[in-house]
2 protein chains.
Amino acid sequence: MILTVTLNAALDVTYETPQVSWDGVNRVAAVHRRAGGKGVNVARVLAALGQDVLVTGLAGGPTGRAVERDLDSAGLAHALVPVAGETRTTLVVAEPAAHTLFNEPGPTVGEDEFADFLRTYEALLREARAVVLSGSLPRGLPATTYATLAAFARDRGVPAIVDADGEPLRHAPDGRPAIIKPNAEELARAVPHGSPEEGAEALRDRGAGAVIVSLGASGALAVTADGTFRARMPYAVDGNPTGAGDALVAGLALGLVAPGPWPELLRRAAALGAAAVAAPVAGAFDPGVYEAVHPLIEIV
Amino acid sequence: MILTVTLNAALDVTYETPQVSWDGVNRVAAVHRRAGGKGVNVARVLAALGQDVLVTGLAGGPTGRAVERDLDSAGLAHALVPVAGETRTTLVVAEPAAHTLFNEPGPTVGEDEFADFLRTYEALLREARAVVLSGSLPRGLPATTYATLAAFARDRGVPAIVDADGEPLRHAPDGRPAIIKPNAEELARAVPHGSPEEGAEALRDRGAGAVIVSLGASGALAVTADGTFRARMPYAVDGNPTGAGDALVAGLALGLVAPGPWPELLRRAAALGAAAVAAPVAGAFDPGVYEAVHPLIEIV
């Protein structure tokens, strides 16, 4: 199976309200709750593509339980390691003309809890053909965490993808992951000077097997051992870009379990990213859009 | 023990934020979660007064579990009956200068679920010396619910207090509860014509043993079989009036398990209500304020 790691899992809650009375009392018309976090989104896409996938990470408190319950109802296998703190909620207050987000701080993870996670992670790696390390880190975990987890996987012959930002991204190459996948802004923060290509090459020089930079509607850039490739999109897909990067990561994970030439892998991953824009929620993609856009993506 | 019934239990969540960016992304500085609902608040006050108390009602989903967990951590015994729908959350987004409330709709309760509750309620009544029926009803339950539950208790020799609003308050006298406790606005909605005293007399004429009207900083009015009494407060207590009515109801419940003359019972209940204003959260009261204000309340 493909293992996805979500150390900072979330319960994504949406409050639909006709119009919010700020500093007043509001009746919420409808509530939606859904397990979230980038690794969960990647797992949803992989499961929709028929892949055997397992969600791991950390979950705590009743909110952690709500995440597990939603994974159950989505038919996603999971082995989340319990922590004492409460899993974060991300709340969107959705009015017709405005979306206000509230991000809870989430749990602070202790050393013992991370040691528990590492034991579970090690056991799960025995069955894993690839591992996806995605998203923010909860408080308490060092910025070297993804480097540590990637190295741990590599030592056991399992290729890893890291999708991170900030210090965890800067440290990621030390773990020698098969792939690092930043977007252009994340890459610019991690490697402040030069073009995206130069930034990607810098991360590769530091230890990444390949660096794939997602460029939104402009496609993607891949700096690999076989050369540098760009995916050029035939047109911009309208919709919600949240989760597009996760769908692209899911496409890259497919390439780790069924290797092929980079141009082909990159085309498929970029098509999945575009198809995710056409779907209303993160972790979903539109198969029709995928079929339409996939053959039209140019790899140069 | 004293049984408190909270059919529409809630998880009261507070997000502390320095300043909200509406239509933007906000980091929540601190999150507080606490079991809520009027019956839970009454139980907290009774437990703080050393009374043996049990919380019943309905709870569903991970949010219901969060309510149970908070009751556990508060040391409050509970026997909440499971429902399929998810217990509501009430969210306060607390900025220094503004409080915005979001009330989730909560579960819709089915007939089978209410039948389950009635079986539990009947079993718990065997040990109960008084029962408190407080707060809003979840969707799916008829407006006669509190009348039904009060009659059920009465048939088993257990005196009931009803603290309700709207149609459930209008129907409450049909169950012949020992006490109905509206505030002035609730009473005016239920009995639109006449003074608070006339309104209270009307509810008593329809079947209530006594009607106690909470009047905020003005004290309380009691229309009873022994006559009509008013509690006059010596001064207004500064603070948060949320939960003051619940503390007053807790005081009235004490009178049901240890009867005494109405002036004494009313003075104690009004003092508890005032002491609750001085406490920062619903369900708490300030013992110092209680001791200070209690002897100064005039009953006329």
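Predicted model only: the values in this text are computed from it and were never measured.

1. Brief notes about the overall build of chain A
Across its full length, chain A holds 10 helices and 15 strands. What you see for chain A is a C-alpha radius of gyration of 19 Å, in line with the 19 Å of a compact globule of 300 residues. If you line up chain A on its principal axes, its C-alpha atoms span 60 × 45 × 40 Å. In chain A, which comprises 300 residues, the proportion classed as buried is 54%. For chain A, long-range pairs separated by at least 24 residues make up 66% of all intrachain contacts whose partners lie at least 6 apart in sequence. Of the accessible surface of chain A, which amounts to about 12,000 Å², a share of 50% is contributed by carbon and sulfur atoms. Considering chain A, the positive charge centre built from 24 side chains and the negative charge centre built from 34 side chains are found 2 Å apart.

2. With respect to the sheet that holds strand E4 (residues 30-36) of chain B
Strand order in the open sheet formed by 5 strands is E3(A)-E8(B)-E7(B)-E2(B)-E4(B), and the pairing between neighbours is mixed. For this open sheet the edge positions go to strand E3 (25-27) of chain A together with E4 of chain B, each flanked by a neighbour on one side alone. On average, adjacent strands in this sheet sit at an angle of 20° to one another, irrespective of strand direction. Note: E3(A) against strand E8 (residues 98-103) of chain B, 3 bridges, orientation parallel.

3. Some words on unusual backbone geometry
All names here are of chain B. With a phi angle near 65°, Asp-23 is a residue other than glycine that sits in the positive phi range. Tracing the backbone shows Asp-23 in the loop between strand E2 (10-16) and strand E3 (25-27). For Asp-23, a relative accessible area of 48% translates into the label partly exposed. Of note, the phi angle at Arg-176 is positive, near 50°, even though the residue is not glycine. Mapped onto the fold, Arg-176 is located in the loop between helix H5 (166-171) and strand E11 (179-180).

4. Let's talk about the interface of chain A and chain B
Size of an interface, as often reported, equals the accessible area lost when the parts are brought together. At the interface, 32 residues of chain A touch 32 residues of chain B. For the pair chain A and chain B, the two sides together bury roughly 2,600 Å², of which 57% comes from carbon and sulfur. On the chain A side of the interface with chain B, the three residues burying the most area are A:Asp23, A:Pro62 and A:Phe102, jointly 21% of the side's total. Counting every contact that joins chain A to chain B gives 2 salt bridges. Its salt-bridge partner being B:Glu104, residue A:Arg33 comes within 2.8 Å of it at the nearest N-O pair. For the interface between chain A and chain B, the tally reads 16 residue pairs in polar contact (both at pLDDT 80 or more). If you list the elements that add at least two residues to the side of chain A that touches chain B, you get E3, strand E4 (30-36), helix H2 (61-73), strand E7 (88-95) and strand E8 (98-103) of chain A. Each residue belonging to the side of chain A that touches chain B can be placed in one class, and the counts come to 16 nonpolar, 9 polar and 7 charged.

5. Overview of the side chain of A:Asn8
All names here are of chain A. With respect to the helices, strands and loops of the structure, Asn-8 is situated in the loop between strand E1 (2-6) and strand E2 (10-16). Polar contacts involving the side chain of Asn-8 include one to the side chain of Ser-136, which spans 3.0 Å. Apart from the residues within four sequence positions on either side, Asn-8 is in contact with Arg-88, Pro-107, Ser-136, Leu-137 and Pro-138.

6. Remarks on the relation of the copies chain A and chain B
Between chain A and chain B, which share one sequence, the superposing operator has a rotation angle of 180° and an axial displacement of 0.0 Å; the RMSD is 0.0 Å. Taken together, these values place the two copies in the relation of a two-fold axis. Ranked by how close their C-alpha atoms come to the rotation axis, the residues of chain A are headed by A:Pro62, at 2.7 Å. Take the interface residues of chain A: 100% of them recur as interface residues in chain B, which is what a same-surface contact looks like.

7. Focus on the packing of H2(A) against helix H2 (residues 61-73) of chain B
Between H2(A) and H2(B), the least distance of the axes is 9 Å, while the angle of their chain directions is 160°. With respect to their mutual orientation, H2(A) and H2(B) come out roughly antiparallel. Both H2(A) and H2(B) take part in a crossing whose hand is right-handed. Across the interface between the two elements, A:Gly61, A:Pro62, A:Arg65, A:Ala66 and A:Arg69 of H2(A) pack against B:Gly61, B:Pro62, B:Arg65, B:Ala66 and B:Arg69 of H2(B). Partitioned by chemical class, the residues of the contact of H2(A) with H2(B) number 4 nonpolar, 2 polar and 4 charged.

8. Things to note about the side chain of A:Ser134
Here A:Ser134 lies in strand E9 (residues 130-134). Residue contacts for A:Ser134: discarding those within four places in its chain leaves A:Val5, A:Thr6, A:Lys38, A:Gly39, A:Val42, A:Tyr146 and A:Asp163.

9. Quick word on the sheet that holds strand E6 (residues 77-82) of chain B
Residue and element names in this part refer to chain B. Strand order in the open sheet formed by 10 strands is E6-E5-E1-E9-E10-E11-E12-E13-E14-E15, with mixed pairing between adjacent strands. Two strands lie at the open edges of the sheet, namely E6 and strand E15 (298-299), each paired on one side alone. Taken together, the 5 bridges between strand E1 (residues 2-6) and strand E5 (residues 53-59) define a ladder with parallel strand orientation. Of the residues in E5, the one forming a bridge with Thr-4 is Val-55. Running over the sheet, helix H8 (residues 244-257) touches E1, strand E9 (130-134), strand E10 (160-163), E11, strand E12 (210-214) and strand E13 (220-224) and is turned about 165° from E10. Along the sheet, helix H9 (residues 262-277) contacts E11, E12, E13, strand E14 (227-232) and E15; its crossing angle with E14, the most-contacted strand, is approximately 35°.

10. Focus: H2(B)
All names here are of chain B. In this model, H2 (13 residues) spans 19 Å end to end at C-alpha, consistent with the 18 Å of a helix rising 1.5 Å per residue. Looking at H2, one finds that the buried residues are Gly-61, Pro-62, Thr-63, Gly-64, Ala-66, Val-67, Asp-70 and Leu-71. Downstream of H2 by one or two residues, Gly-75 has phi in the positive range, about 75°.

11. Quick word on the nonpolar core
With 118 residues, the main nonpolar core has A:Ile212 and B:Ile212 as its most contacted residues. Counting 43 residues, the second largest nonpolar core, distinct from the first, contains B:Val5, B:Leu7, B:Tyr146 and B:Leu203.

12. Thoughts on the pairing of strand E12 (residues 210-214) of chain A
All names here are of chain A. Burial runs high along E12: 5 of the 5 residues are buried. As paired strands, strand E11 (residues 179-180) and E12 are joined by 2 bridges and run parallel to one another. Note on E12: the bridge partner recorded for Ile-180 is Val-211. For E12 and strand E13 (residues 220-224), the ladder comprises 4 bridges, and the chain directions are antiparallel. If you follow Val-211 over to E13, its bridge partner there is Val-223. Between the end of E12 and the start of E13, which pair antiparallel, lie 5 residues, with Gly-216 showing a positive phi angle near 60°.

Each value, and the rule that gives it
- Residues numbered from 1 in each chain as written.
- Chains lettered and ligands numbered in written order.
- Predicted model: local features only at pLDDT ≥ 70, side-chain atom pairs only at ≥ 80, totals over all residues.
- Heavy atoms only, no water.
- Helix = DSSP H or I, 4+ residues; strand = E, 2+ residues; numbered from the N terminus.
- Rg over C-alpha atoms; globule rule 2.2 N^0.38 Å.
- Buried < 20%, exposed > 50% of the residue type's maximum accessible area, 1.4 Å probe, protein only.
- Contact = heavy atoms within 4.5 Å.
- Areas by Shrake-Rupley, 256 points an atom, 1.4 Å probe, with all protein chains shown as cover.
- Lys, Arg positive; Asp, Glu negative; His and termini not counted.
- Charge placed at Lys NZ, Arg CZ, Asp CG, Glu CD.
- Pairing = 2+ DSSP bridges.
- Axes fitted to C-alpha atoms, helices over the stretch in contact; angles between N-to-C directions.
- Buried area = accessible area lost by both parts, 1.4 Å probe.
- Salt bridge = Lys/Arg side-chain N within 4 Å of Asp/Glu carboxyl O.
- Polar contact = N/O pair within 3.5 Å; in protein donor to acceptor, adjacent residues only side chain to side chain.
- Nonpolar A, V, L, I, M, F, W, Y, C, P; charged D, E, K, R; others polar.
- Least-squares fit on C-alpha atoms with pLDDT ≥ 70 in both.
- Parallel < 35°, antiparallel > 145°, perpendicular 65-115°, else oblique.
- Left-handed = near helix turned anticlockwise from the far one by under 90°.
- Expected span 1.5 Å × (residues − 1).
- Core = buried A, V, L, I, M, F, W, Y, C linked by side-chain atoms within 4.5 Å.

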